[in-house]
Every structure is written in C-alpha cells, then in structure tokens.
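Architecture at a glance
As a plain string of letters, each chain reads:
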Amino acid sequence: MTDIIFTDKQPSALNNQLTTNKTNCPYCGVGCGIEATVENNKVIAVKGNKLHPANLGRLCVKGSSLHETQGVKNRILSPRIDGEAVSWDQATSKIAKHFQETIAQYGPDSVAFYLSGQLLTEDYYVANKLMKGFIGSANVDTNSRLCMASASTAHKRAFGEDIVAGCYDDLSAAEAIFIIGANPAYAHPIVYQRMIKAREENPTRKIVVIDPRKTASAKDADLYLAIKPGSDAYFYNGLLMYLAEQGHLNNDYIAKHCQGFEQTLQTAQSQFADISAVAKACDIELSLLLESYQIFAETDKVVTFFSQGINQSSSGVDKGNAIINCHLATGKIGREGAAAFSITGQPNAMGGREVGGLSTQLAAHLHFENPNEIDLVKRFWQAPNIATKQGLKAVDLFDAVDSGKIKAIWIMATNPVVSMPNANLVKRALKKCPMVVVSECYENTDTVAYADVVLPASTWGEKHGSVTNSDRTISVHKSMLKAPGEARHDWQIITDVAHKLGFKSAFNYQHPVDIFKEHAALSGFENSHPY
C-alpha cells in the first residue's frame, strides 16, 4: 500500500499568500477533486482537478460554487454549556463526567453517538472506536443510515460484506447502462456526463432508464420505461425469469461462485405466471419490457446504476438484491464494464462504512455475528469493554432517547431535528434527554437549540484527513484554511473526551495520519486474504 503523507505545516495561505490547493468537494458521494485558490484565509475561486480520477476536471454547479459558501458568518466560535461560553477543558470534562455517571448507573447502552457522512474517515474511526471498543456499546449510528442502509445490507447478503461491486470506469466501459431508482443527470451530474460521453464515443451503447417519472435522465435514454411506483423488484425478478427461460444464464459462473440460485429462481418464478404478468405488475407495455430484457440478456457488459429510489423503500434491501441477483446469474459482475453499482449520496458515507460507522457493523468490514472477528478487533484495539452485539439504528436510536432508555447523546456534523423522519419526535426526545452534546460549525442549525453542550467544529476547508467516494477511491482531504475562533477538528474533540474518560493510551493521536495508519493496520491485522 502506498503511504499517504500528511503535513503538520499550516497552509501557506494563512500567511496571506495567494495559493492553489488540491482537495475534495464536500457535497456528494461522487468525490470530485478540486483546485481551490485561497487568499487571506478565504477561498476565492474553485475549479476541477483534471488529475482526479472521479471527475477528471469536471465540476457541477454546486462544486464550482464552493467559494461562495465559505465564510465565518454564523460560525460557532467557542464551546458552550447551557448557552454560556466556557473553555474546552470545561466542556469536555463535563461531557466525560456525565457519560461516566450515566454509564455507571444505567450501563453503556444508555449513551449514544449519532454521526454523519460529512465527517472525515479519521473522525468516524475515532468515534466508532471509543463507543464500541471502550464505552462498550454499539449505539453509534449515522445519517448515512437514512440513505445507504438498504444497499449496505443488500451487499452484505449477496457478497458477505458491504462492498460496492463497481467503479466509475465501468460506466465508460459498459455496453449498456440500466438506471433505476436514480436521476444522475440531476443528482450526480459528473458521473452522468461520463455515461453520456461514453455513448457519444460509441453510439451502439445503450442507456435504459426505469423510473415512474420522466426525469432529466429519462429524456436522454435510448429506452425509457415508466414503471409503476414500487415495482422495481418485480422488474428485476421478472428479468431473472426471462434470463432462465431464454437460456441467458451463465451456468459456469453460477456453479463456481453462487449459492442458493435454484431457490432464488423458484421464488422469482412463483411471483408470475409468465412475462406478460410482469409487464402488468410494472404497468408497462410488454413490448417495452421485452426490449429492455433483451438488451440486458444479449449485452456482454451491463451496469445497473441505482440509488435512493431503490434504497428508500419499505423493501429496499430486497430490491437491491433483486438487481444484484440478475448480475450474478449472468456473470455480469466483477469485471470491466459489468456491475451492480450503488452510488452514495454523501461525500464520505463510504468512508464511514469502511471503519464500521454503523450500529450494525463492528469495524473494518468485520461483523458482530462472528465471535472471532469481535475477538480480533478487541485484541487489536486492546479494548477492555468491546461491544458484542449490534446497537440501535438511527430511527430506533431516537425512539430510545424519547423513551428514556438513552440518557446521553452526542450528535456530530448533522442536523437530525430536520433530517430525521418524524421530526417532532426527535425534538421531543432531545428536549427531555438529560445530556445532549452537539458538535457543529454553525449557530443557526435547528439541533443546536436542543444542546446542553455545544462544541465548535471545523468545516470542510479547515479539515485534514481522508474521504472515500462511491467507487471506493480514497482521497486525501487537505486543510486550506485556519478554523475561526476556538473551533477544533472532530477527531481532536473525541480524542480529548476519550482521555478524560481514562482511555488516553488508546487514543494517543497527534495527527490524522496516526489515525489513518491505525485504520489501515486494523484492515490488515491477521488478514490472510490473498488480496
């Protein structure tokens, strides 16, 4: 593995020099590289980094307008307890004391962390380690749960762990791209431009869009299917039937790499008398359905590109697996131009999943279901009180706050009073919770109003660490600006609280590089995998 080099030096822009800094856009899971021009500790211009593999110099309107969003207006400049400015020592001491007292009286599951896909990987890692390894609870979840949990679980069911089976280069190499539950022309325009460019270079390539709405992506499609809302799984289960009936299965691949195929096929076949019944269930013309199925069946390199329209469903996991099943049954996966590709929404949702930043994961793609993996992480971390079972998921977590089961919660880099389902319940829960800690950059976020302790955090231009985008490219995220007031990085804040909880030796980090090296070492610890 190539070492990632960090520097402790302050950006030269802090000396009022005009500089250009290479870092990353903080808006979505595409993970575009940018070049930001900084003067007098202010970003004055942004352009795409032509050498970054995610965007090759392209930027959407949000990325190209980043310099217009920067500034110190409404920033939180000092820690506060009950609305009064205090020192960092006072704030972190109060958090540690309250957590210790709560855990002593009610046990480790009485406290929780709620994280965010806006955090850097190092922030995520330290928070996850503190809660699961040393506090002893898996009550650490993230707003990524709201968008990516279905895909994450579908990956785990299909592959054994939460891995994405595709990359951006596959979009350029694919001979056909099926877009379902996604509108990349609007939500992920840089990735979408890659699809369109590939078709322009080879007009025989096909783009098939499956969506109840005629979106911007649908308008560019070679074939558009306006399926009935919620019928996505019917479409792909019907496709599996068609592939079997028409002799388009890759039986050699199935025999070598798949388990339970016959049962899966029988389940799909039990839903429909024939393919015309699939068309009826999807509320589309049979001729259009068969045309799309024929494209999938007769094209060697196919990518199915899916996102929130699949994930945010009452049966999102099953829909994800229905898609993956068709790729496995044909062997159109794990090679150039062939994949079931789930794209994330937030800039570092993938990095959070890599370090275990969900209550259902342990760390480093290891699982609570396997006692040997729990023991491995325990020994690596030298953790005295490692969690041994899954914690509460996001919605359940706030329900537990409301019921009084959770009596202390630390919210970082997210605004659940607005973003969570059932906002009124979240407001009520936080209002009655004995201790609410909020790490936040800006004063005017709704959740800050419910905090007992407010901690000023650095924002994207001030942070230093790493992020992982939707196709698992890890990028160094470089600090360009000096944080205003007393704002600190999230990993520093968590580390300080860990020290006050008595875990200093396990959280002796001086720089993000120390955390990243530990994260990488855990991934390789006693790992006999050949790749």
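Each value, and the rule that gives it
- Residues numbered from 1 in each chain as written.
- Predicted model: local features only at pLDDT ≥ 70, side-chain atom pairs only at ≥ 80, totals over all residues.
- Heavy atoms only, no water.
- Axes fitted to C-alpha atoms, helices over the stretch in contact; angles between N-to-C directions.
- Helix = DSSP H or I, 4+ residues; strand = E, 2+ residues; numbered from the N terminus.
- Parallel < 35°, antiparallel > 145°, perpendicular 65-115°, else oblique.
- Left-handed = near helix turned anticlockwise from the far one by under 90°.
- Contact = heavy atoms within 4.5 Å.
- Nonpolar A, V, L, I, M, F, W, Y, C, P; charged D, E, K, R; others polar.
- Core = buried A, V, L, I, M, F, W, Y, C linked by side-chain atoms within 4.5 Å.
- Buried < 20%, exposed > 50% of the residue type's maximum accessible area, 1.4 Å probe, protein only.
- Expected span 1.5 Å × (residues − 1).
- Lys, Arg positive; Asp, Glu negative; His and termini not counted.
- Salt bridge = Lys/Arg side-chain N within 4 Å of Asp/Glu carboxyl O.

Some words on the packing of helix 9 (residues 232-245) against helix 12 (residues 275-282)
At their nearest, the axes of helix 9 and helix 12 sit 10 Å apart, and the two run at 165° to each other. Classified by the angle their axes make, helix 9 and helix 12 are roughly antiparallel. Taken as a pair, helix 9 and helix 12 cross one another with a handedness that is left-handed. When helix 9 is examined against helix 12, the residues Tyr234, Phe235, Gly238, Met241, Tyr242 and Glu245 are found in contact with a partner set consisting of Ile275, Val278, Ala281 and Cys282. Of the residues contributing to the contact of helix 9 with helix 12, the split by class is eight nonpolar, one polar and one charged.

What to know about the nonpolar core
Of all hydrophobic cores here, the largest spans 53 residues; its most connected members are Phe99, Phe113, Leu130, Trp381, Trp410, Leu455 and Phe507. In terms of nonpolar packing, the next biggest core, distinct from the first, is built from 51 residues, Ala176, Tyr253, Cys282 and Leu328 among them.

Brief notes about helix 4 (residues 145-159)
For helix 4, spanning 15 residues, the distance from its first C-alpha to its last is 19 Å, which sits close to the expected 21 Å at 1.5 Å a residue. Turning to helix 4, its buried residues number three or more, namely Arg145, Cys147, Met148, Ala149, Ser150, Ala151, Ser152, Ala154 and His155. Gly160 sits one or two residues past helix 4 and shows a positive phi near 95°.

A word on the side chain of Glu373
Within the fold, Glu373 resides in helix 17 (residues 371-381). With no salt bridge to any partner, buried Glu373 finds its closest opposite charge in Lys156, at an N-O distance of 7.7 Å. Discounting chain neighbours no more than four positions away, the residues touching Glu373 are Leu362, Leu366 and His367.

Focus: unusual backbone geometry
Positive phi values are uncommon outside glycine, yet Asn74 reaches one of about 65°. Its relative accessible area of 37% is what places Asn74 among the partly exposed residues. Backbone geometry at Glu526 places phi at a positive 50°, although glycine is not the residue there. When you line up the elements, Glu526 lands in the segment after helix 22 (512-524).

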